[in-house]
Amino acid sequence: MPYTYHTDEDRKAMLAVIGVKSEDELIDVIPEKFHLRALLPIEKGRTEPETLRAMGIISRQNRPASHMVSFMGGGIYEHTVPSVVNNLASRPEFATAYTPYQPEASQGTLQVIFEFQTHISRLTRLPVANASMYDGATALAEACLMAAKITRRDVVLVPYALNPRYLKVLKSYVTGQKIEIRPVGMSPTGDIDEASLKQELNDRVAAVVVQTPNYFGALEKPWQYEKDIHAAGALLVTSVDPVSLSILRPPGAYNADIAVGECQPLGNSMSFGGPLVGFMACKQEYIRSMPGRIVSATHDVDGRQAYVLTLQTREQHIRREKATSNICTNQGLLATRSTIYMSLLGEHGFTELGRVCHERARRLAAAITACEGFSLQYSAPFFREFVIACPVDASAVVEAARKEGILAGIPLSRYFGAAANHLLLVAVTEKNQDEDADKYCDVLKRMSPAKVGSK
Amino acid sequence: MSTHDFSQTIYGRSRTGRHGYHISSKPVEAPRDIPAPYLRDEPIGLPEVSEPQVMRHYIDLSTKNHHVDKDLFPLGSCTMKYNPKVNDEVAAMQGFAGLHPEQSDADAQGALRVMHGLERLLAAISGMDAVSVQPVAGAQGEMTGLMLARAYFADRNISRHRVLVPDSAHGTNPATATMTGFTTQTFATGKDGRVDLDILKSVLDDDVAVLMLTVPNTLGLFESRIGDIVEMVHKAGGLCYMDGANMNALMGQARPGDFGFDMMHFNLHKTFSTPHGGGGPGSGPVACRSHLEPFLPVPRVVESDGKFHLEYNRPKSIGALHSFFGNFGIYLRAYTYIMRLGSDGIRRGSSTAILNANYLAARIADTYPIPYGKRCMHEFVASGETLKEKHGVRTLDVAKRLLDFGFYAPTVYFPLTVPEALMVEPTETESKETLDRFADALLEIAREAEQSPDVLHEAPTRTPVRRLDETSANRSPVITVPTS
């Protein structure tokens, strides 16, 4: 039977050492009435070739974005995953280890986390980063809980253009702690309405969430109202796309207190949205309020450089009900992938990545707006994602494109109701070539009012 | 702080102007259409290294890890079983790995089939009515469970505030209670290491929302009075949550639904063989009885006429706990694993895990006493107290010495109810020879404790580094390579 290896002789010898006659005797502590007499109503086991065949058939019932021309984003992006990342991260030394409780035999994992923290710290220009969170959404939720604890306040201000899936998770996380979420309006240009923000600021506000680029791809200007937020005694919590930080102003440069985000684009596959990997960085003074694991440099008794889990008294296995969070595992293997990815691309490659993404997005936006009836919905600057207004229902554009093997984007009516019927969220990465943009525009041109009208 | 030597980090290997990887075949200019205030005005500070340097650096780091593909990893309550490689091959199939979560249901029928299928399999294994695979870790599964309870009581206009946990519980249980707005009440375990009905009765009242119980418990003991326990809590109007961290002992033998539990979570990275990844990603699906189903997280995956779709319109749902649908790549692996095992393999897996733990316990119990008896389920907790009293050698020293023997250490100093605890879980995938080598090592270490205790005090000596200064790291942590 798969994955158990005792011979009959082994089993007999082991039972003799234990001093029982049968394996059944070992489970007689389970009351008789609870014993399963029959096997579970599940199919019998299969060989490896049979399993691969069955799973191959199921996998082909999907039509993956990676086999199509894709402009899908909304928090998950298809970037090139360098061969080095796949090769190194599949090594069992990383994949089949566990939490480094015995640091002497876990220096590999510990140093990788230390390098991850350093990469994130430099990207965000904040001095402190942890070993990773479940995903960008839970990282944001944990950041808001953290801000509420630090400020002892109970209101979180959330912009209209926050990723709606993040908002849903944030709501789930804060309800138990009686924290109120209040909305901040959006300006016609697609970024935060500063008057609305200032109006909502008061002495109950623990955190102001700013996502930049926001869900609509528009860039925010937190430096314009950072002082107001801090003057009101609240913390500035930013949710940022780490790829954008290759060329955009980092949170630490506009006095953000906590920065969180999603590292899926850094060397991880889309995998139907999971597993993902969140990050969290913050100012030095908040390190002891931070959830999750943190690695510190240290020395061994012989003075050798080494790494170890630190500040564990924040964590659940020591602090129990007084812990900063219940989080236990991080997303170790995905963080390892992101670490290797950032190391490999390095200063030059990572900057190049951001520039290429933006340049291709800018060119696609220009090509789309040249199609009759299509325009950019917002005028705020964007990085690699933007909203287009269509002359017809966005879902009709998506359906027409899908027939030609193109994923045209996310129709915003999915999250923002009928008023957004004509809006489509379009994302571009370095994987999108100029000919992809041409194919896309061919579809749009056929949807333009003149063409539709002439039918 | 400057006493640290960071030359062996990836930053120490950096040389300005070295390019490891190119995105574009020609130079790309900085954007001119984005106004200056939005742009980064100084370098990021990432390293500049070559591709071979990256390979060698991380290969070098990888050799400094102990891992289950190298040798036994007997970490109690973590179920470090072998991670079948076929699982990874399936998760890497482009039909799965290349799927974007915002694609239409029509493009994702295979993925939804796996989600739905795994939920059905876990329901069958647990004897529960409904499952959500969305929670991404055991701790998040617990959180989901307590949120279900909160929503359930709120729906009935009942106000209850307390969560009961025994003193042997994992730390995540009380931490989760706090996070979900409950207060934790810890109660003492009975003399036999199990829940004592009288003690339970003394803490039960109409303010108790949930009893959280790990079965088998962290001592590796089955709660033999489980039927009575659940009935008492139900009579008091509370719900019962099973922490499924130790489900590896039960799968195919008995079902939490039959014990009467209202809800539970699984750890796919433990029981269902998915790689632990140096600390994640995990996956913590939640199973529940039908009275809690309306509150499960959205989206739910629903089948009608052989087609699958995601359903968001569940007014009583607790909402979402993840950006999308949970750790899909992990539940693909678990699904593949269950397909390989089948009903017969599942049962053989748990019975072998129990056999292995009992065998190991029997081999070492004379030297490392097992306070609650050497008959156990899938794991046992031995005590190093005699070694400490007789030879001044602590459990920590034993753990460190095991690293010199090429093993990882068991979970130590947990549960808190056993002094100098060594919590050992060998799992079913270990051969008798490996178990014998491990038992021999433990017995040899006990001899060393008697004859040359300093060998243990100074252990480990064969690992890449020796014992670490954790105190100064805690006092003034250095958590990044400083910018020069």
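Our subject is the structure that appears above.
What you see is a predicted model; the values in this text were computed from it and never measured.

1. With respect to the overall build of chain B
Inference 1: Scanning chain B from N- to C-terminus turns up 16 helices and 12 strands.
Inference 2: A globule of 484 residues ought to have a C-alpha radius of gyration of about 23 Å, and chain B, at 25 Å, matches this closely.
Inference 3: Taken along the three principal axes of its C-alpha coordinates, chain B extends 75 × 70 × 45 Å.
Inference 4: Burial analysis of chain B (484 residues in total) assigns 60% to the buried set.

2. Things to note about the interface of chain B and chain A
Inference 1: Taken together, the contact pairs 171 residues of chain B with 164 residues of chain A.
Inference 2: Per-element tally for the side of chain B that touches chain A: the top contributor is helix α11 (residues 328–364) of chain B, with 23 residues.
Inference 3: A class-by-class count of the residues in the side of chain B that touches chain A yields 82 nonpolar, 60 polar and 29 charged.

3. Structural notes on the sheet that holds strand β6 (residues 263–266) of chain B
All names here are of chain B.
Inference 1: Taking strand neighbours across the sheet as the criterion, the seven strands line up as β1-β7-β6-β5-β4-β2-β3 in an open arrangement whose pairing is mixed. Strands at the two margins of the open sheet, each flanked by one partner only, are β1 (130–132) and β3 (183–187). With strand direction ignored, the average angle separating the axes of adjacent strands in the sheet is 25 degrees.
Inference 2: Two elements, strand β4 (residues 208–214) and strand β5 (residues 239–244), share five bridges in a ladder whose sense is parallel. By the bridge assignment, valine 210 is partnered in β5 with leucine 239.
Inference 3: Strand contacts of helix α5 (residues 138–155): β2 (162–166), β4, β5, β6 and β7 (286–288), with the helix running at about 165 degrees to β6, the strand carrying the most contacts.

4. A word on unusual backbone geometry
Inference 1: Following B:Val298, the chain continues to B:Pro299 via a peptide bond in cis, the omega torsion being 0 degrees.
Inference 2: Take B:Pro299: it is sitting in the loop between β7 and β8 (300–304).
Inference 3: Despite not being glycine, A:Arg125 has its phi angle at roughly 55 degrees, a positive value.
Inference 4: With respect to the helices and strands, A:Arg125 occurs in the loop between α6 (107–124) and β2 (128–129).
Inference 5: Phi angles above zero are rare outside glycine, and A:Ser271 is one such case at about 45 degrees.
Inference 6: As for its placement among the helices and strands, A:Ser271 is situated in the loop between β7 (258–262) and β8 (278–282).
Inference 7: C-beta crowding within 10 Å serves as the criterion here: with 27 such atoms nearby, A:Ser271 is assigned to the buried category.

5. Side note on the pairing of strand β9 (residues 307–311) of chain B
Residue and element names in this part refer to chain B.
Inference 1: Bridging between β8 and β9 involves five bridges; their strand directions are antiparallel. Considered in β9, the bridge of arginine 300 is made with glutamate 311.
Inference 2: Turn length for the β8-β9 hairpin, with the two strands adjacent in sequence and antiparallel, is two residues, and the turn residue aspartate 305 shows positive phi of about 50 degrees.

6. Considering the nonpolar core
Inference 1: Within the largest apolar cluster, 308 residues are counted, with the highest numbers of intra-cluster contacts made by A:Cys144, A:Val209, A:Ile258, A:Met280, A:Leu424 and B:Tyr331.
Inference 2: Sorting elements by how many residues they give to this core places α11(B) first, with 20 residues.
Inference 3: The contact partners of A:Cys144, leaving out residues within four places of it in the chain, are A:Val156, A:Leu170, A:Val174, A:Ala207, A:Val209 and A:Val237.

7. Concerning the sheet that holds strand β12 (residues 421–424) of chain B
Inference 1: Taking strand neighbours across the sheet as the criterion, the three strands line up as β10-β12-β11 (chain B) in an open arrangement whose pairing is antiparallel. Looking at which strands have only one partner, the edges of the open sheet turn out to be β10 (380–383) and β11 (411–412) of chain B.

How each quantity is defined
Here the residue index of a chain counts from 1 through its sequence in written order. Here the convention is simple: chains get letters from A, ligands get numbers from 1, in the order in which they are written. Per-residue local features of the predicted model are confined to residues with pLDDT of at least 70, and side-chain atom pairs are confined, for both listing and counting, to 80 or more; whole-chain, interface and lining totals are unaffected and use all residues. Under the scheme used here, helices are H or I runs from DSSP no shorter than 4 residues and strands are E runs no shorter than 2 residues, and both carry numbers assigned from the N terminus. This radius of gyration counts C-alpha atoms alone. The globule rule is 2.2 Å times how many residues there are, raised to the power 0.38. Here a residue counts as buried when 20 or more other C-beta atoms sit within 10 Å of its C-beta, as exposed when there are 12 or fewer, and as partly exposed otherwise, the C-beta atoms being derived from the backbone. By the convention adopted here, residues are in contact when the distance between their C-beta atoms, placed from the backbone, does not exceed 7 Å. All residues other than Ala, Val, Leu, Ile, Met, Phe, Trp, Tyr, Cys, Pro, Asp, Glu, Lys and Arg, Gly among them, are scored as polar; the first ten of these are nonpolar and the last four charged. We treat two strands as partners when DSSP finds at least two bridges between them. Interaxial angles span 0 to 180 degrees and are taken between N-to-C directions of axes, which are lines fitted to C-alpha atoms, for helices over the stretch in contact. Each nonpolar core reported here comprises buried Ala, Val, Leu, Ile, Met, Phe, Trp, Tyr and Cys residues connected via C-beta atoms within 7 Å.

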